[in-house]
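An overview of the molecular structure
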2 protein chains.
Amino acid sequence: MTPGAGLRVAVVGATGAAGGTVLQILEERDFPIATLIPLASARSAGRTVQFRGTSLPVAEATPATLRDADICFLAAGASAARELAPAVVAGGGIAVDKSSAYRADPAVPLVVPEVNPETLADHRGIVANPNCVATPLSITLAPLQRAHGLRHVTVATYQSASGAGRALVAELEEQEQAHGAGEPLEARVYPHVLHHNIVPGGWTMEGEDTEEERKVVAETRRVLGQPGLALSVTTVRVPVPVGHSAAVWVELEEPVSAERARDLFSGAPGIRLVDDAGSQSYPTPQQAAGGDKVLVGRVRRDLGRPGALAFFWSCDNLRKGAALNAVQVAELLTQPARVLS
Amino acid sequence: MTPGAGLRVAVVGATGAAGGTVLQILEERDFPIATLIPLASARSAGRTVQFRGTSLPVAEATPATLRDADICFLAAGASAARELAPAVVAGGGIAVDKSSAYRADPAVPLVVPEVNPETLADHRGIVANPNCVATPLSITLAPLQRAHGLRHVTVATYQSASGAGRALVAELEEQEQAHGAGEPLEARVYPHVLHHNIVPGGWTMEGEDTEEERKVVAETRRVLGQPGLALSVTTVRVPVPVGHSAAVWVELEEPVSAERARDLFSGAPGIRLVDDAGSQSYPTPQQAAGGDKVLVGRVRRDLGRPGALAFFWSCDNLRKGAALNAVQVAELLTQPARVLS
């Protein structure tokens, strides 16, 4: 791969929420693509996607279709990633995987460009992206960690429907329409009706925890390079289509004031401070949706722990939480000067 | 007041969300009412409310209208409460106030019947009710406190629109209809659009905190009788019409297992344990709405603090969070055997 030469880029899951956002961001950021290969599961193959004003047919993703890719974005499930990533590597390309397949694999770097870009140097053809809570959480914790050291982090999430895929966004919309029409609400995709509700569990439980809670703990530790970091996490789904948020409390290795924390957030990559209580200015998912920054606000002393901090973030889970992070990783691999812009 | 004699009962705010629920619960629980006096602000006077199948006219609440009340439920704002409660007391009646007017007054008991009924004995004619987060939070913390002592509590809330009054519920519904019709969404009642959004601030900020956060800290301490209890609180509004929820982490004076905590919750008044991860069974606001119990679930060890606990609760904020608590207080005052059923 030579910067500027134009790359063969495959996107697996091109018809899904995350893959569709990858296409959009590749176009927005003018990624140097000579050939774009949109791929999906057998079920979605044959559909078309739009890229640079052109309608492109979507082929079925098989190992053979990935042989010649320089970069392959895997925006599909973990089992598809496990099947397809080795084919990309065998062909000499790099697989940038959004799934959980390789996130715990010590041979695969788990990269958030704003936090641990140096770990990319060790890649062997596969790069993993953290889940859509761990990515913005790591971005917000990194400047505090660097300056003052992290001792303990508590996180309660407010996660949007799109984090669980397009089907749940559609189901939420259907439920809203049914409510408006006075008809009964159905939950087929998700275990509970999400309209006018919040759901503190979700699809997959691992014992007493949600799978998501385990991921947030393990992946945030890896990205921050602090394997023993203590994290208390509760993940909750809310009836919002796009935009994850979280209430966070942080204990640091030394007392830190809210003013100092605001300074650190202001100067940190990937963050926009939205924090003026007087004008009702604080992060909301609606404000974060469509943007590339993690919005941070409600930065204040923790009322219950002297010297500790509380804050709140919102982030577009499809962009920075997923697709944008993957494209930034690809930019770091191919055109290092561009990243973090 | 003699039990069984039939009481003169006034309800101020009878046309509002909380007052309307007071009327409903008085009827459901067959409170011994001889005469019901529905009252409201001058703006709402002249409307009618339903009680025991009869339509009753609503008069303007003035000190004179309360002179003969045995019990007066004040489901209005703090300034109305400050004006009207003394008139109830002057007439020999008892004012049960839902507002924040008297919650910090050391001469007024702040009562959750499941937690601190003994404090009622000291009333001088006015009894205060905690806010709609502090009440269910105290109910869930009380059994843990009694058995093992509380050291620190962290709370992230997921509060419904009705906690801010009927106008916000109506605004949320209007926003949903506008969304369905493809029209622009307006926020007139609240600082931000709540539809498809979450709002970590709200109407009133006190410095860096929401007024709600300060209330939850102060009132939970008072109800639990632990003035030094350390509480870390972030309050957030979600697009749910009825039903408040919270993610809670608790450090106790000694290590406590999830099994032990479940046992304590199961045997505690006011709580229903809804906790089976395998069957996707956990508290949701939709499940709590219309019910009298605080639903508690997702009881588990805190992943980030050895020996500590995490759990989640949902509660009907209009019933147990407000009106039911007030009616239970009145039952304790007039017919002690009935309460906590």
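As the structure is a prediction and not an experimental result, all values here were calculated from the model.

Parameters at a glance
Residues numbered from 1 in each chain as written. Chains lettered and ligands numbered in written order. Predicted model: local features only at pLDDT ≥ 70, side-chain atom pairs only at ≥ 80, totals over all residues. Heavy atoms only, no water. Contact = heavy atoms within 4.5 Å. Buried area = accessible area lost by both parts, 1.4 Å probe. Salt bridge = Lys/Arg side-chain N within 4 Å of Asp/Glu carboxyl O. Polar contact = N/O pair within 3.5 Å; in protein donor to acceptor, adjacent residues only side chain to side chain. Helix = DSSP H or I, 4+ residues; strand = E, 2+ residues; numbered from the N terminus. Nonpolar A, V, L, I, M, F, W, Y, C, P; charged D, E, K, R; others polar. Pairing = 2+ DSSP bridges. Axes fitted to C-alpha atoms, helices over the stretch in contact; angles between N-to-C directions. Buried < 20%, exposed > 50% of the residue type's maximum accessible area, 1.4 Å probe, protein only. Right-handed = clockwise from strand over helix to strand, strands pointing away. Least-squares fit on C-alpha atoms with pLDDT ≥ 70 in both.

**Quick look at the interface of chain A and chain B**
Every contact between the two is made by 65 residues of chain A and, on the other side, 65 residues of chain B. With both sides pooled, the region where chain A packs onto chain B buries about 5,100 Å², and carbon together with sulfur makes up 51% of that total. Of all residues in chain A, A:H196, A:E208 and A:R298 give up the largest surface area on contact with chain B, accounting jointly for 13% of the area buried on that side. Seen at the junction of chain A and chain B, the total is 14 salt bridges. A salt bridge links B:D209 to A:R301; its shortest N-O distance comes to 2.7 Å. At the surface where chain A touches chain B, the tally comes to 50 residue pairs in polar contact (both at pLDDT 80 or more). Among the elements that line the side of chain A that touches chain B, the one with the most residues is strand β9 (residues 150-158) of chain A, at six residues. The residue inventory of the side of chain A that touches chain B, partitioned by class, reads 30 nonpolar, 21 polar and 14 charged.

**Focus on the sheet that holds β9(A)**
Strand pairs in the sheet, formed through backbone hydrogen bonds, run parallel or antiparallel to each other. Residue and element names in this part refer to chain A. A sheet is described by the order of its strands in space; here six strands give the open sequence β12-β9-β13-β16-β15-β14, paired in mixed fashion. Looking at the sheet topology across the chains shown, the edges are occupied by β12 (230-234) and β14 (271-273). Neighbour to neighbour, the strand axes of the sheet diverge by 25 degrees on average, direction disregarded. One ladder, built from seven bridges, connects strand β13 (residues 244-252) with strand β16 (residues 309-315); its direction is antiparallel. Bridge pairing in β16 links A247 to F312. Here helix α5 (residues 211-224) sits on the sheet in contact with β9 and β12, set at roughly 145 degrees to β12.

**Observations regarding the pairing of strand β6 (residues 71-74) of chain A**
Residue and element names in this part refer to chain A. Where burial is concerned, the two faces of β6 agree: the one with I71 and F73 and the one with C72 and L74 are both buried. Judged from the four bridges that link them, strand β1 (residues 7-12) and β6 form a sheet pairing that is parallel. Opposite V11, over in β6, you have F73 as the bridge partner. Across four bridges, β6 lies against strand β7 (residues 94-97) in parallel orientation. In the sheet register, F73 faces β7, and the bridge partner there is V96. Regarding topology, helix α2 (residues 78-90) serves as the crossover connection from β6 to the parallel β7, and that connection is right-handed.

**Here we look at the relation of the copies chain A and chain B**
In screw terms, the move from chain A to chain B is a rotation of 180 degrees and a rise of 0.0 Å along the axis, fitting with an RMSD of 0.0 Å. The superposition of one copy onto the other is thereby described by a two-fold rotation axis. A shared binding surface is used by both copies, with 100% of the interface residues of chain A retained as interface residues in chain B.

**Quick word on unusual backbone geometry**
The phi torsion at A:H196 lies on the positive side, around 55 degrees, for a residue other than glycine. You can see A:H196 is positioned in the loop between α4 (166-180) and β10 (205-206). Positive phi outside glycine occurs at B:Q280, with the angle close to 55 degrees. Its relative accessible area of 17% is what places B:Q280 among the buried residues.

**Structural notes on the environment of B:A178**
Looking at where B:A178 falls in the secondary structure, it is placed in helix α4 (residues 166-180). The contacts of B:A178, once residues within four sequence positions are left out, are B:E183, B:P184 and B:L185.

**Some details on the environment of A:T135**
Residues and elements named next belong to chain A. With respect to the secondary-structure elements, T135 resides in helix α3 (residues 134-148). On the basis of relative accessible area, T135 is assigned to the buried category, the value being 0%. Spatially, the C-alpha atom of T135 lies 9.6 Å from that of V294, the residues being 159 residues apart in sequence.

**Some remarks on the sheet that holds strand β12 (residues 230-234) of chain B**
All names here are of chain B. One open sheet accounts for six strands, arranged β12-β9-β13-β16-β15-β14; its pairing is mixed. Where the open sheet ends on each side, the last strands, each with one partner, are β12 and β14 (271-273). For this sheet, the mean inter-axis angle between neighbouring strands, taken without regard to orientation, is 25 degrees. Relative to strand β16 (residues 309-315), strand β15 (residues 294-301) is paired through five bridges, and the arrangement is antiparallel. When the sheet's bridge partners are listed, R301 is paired in β16 with L309. Seen against the sheet, helix α6 (residues 258-266) touches β14, β15 and β16 and runs at an angle of roughly 165 degrees to β15.

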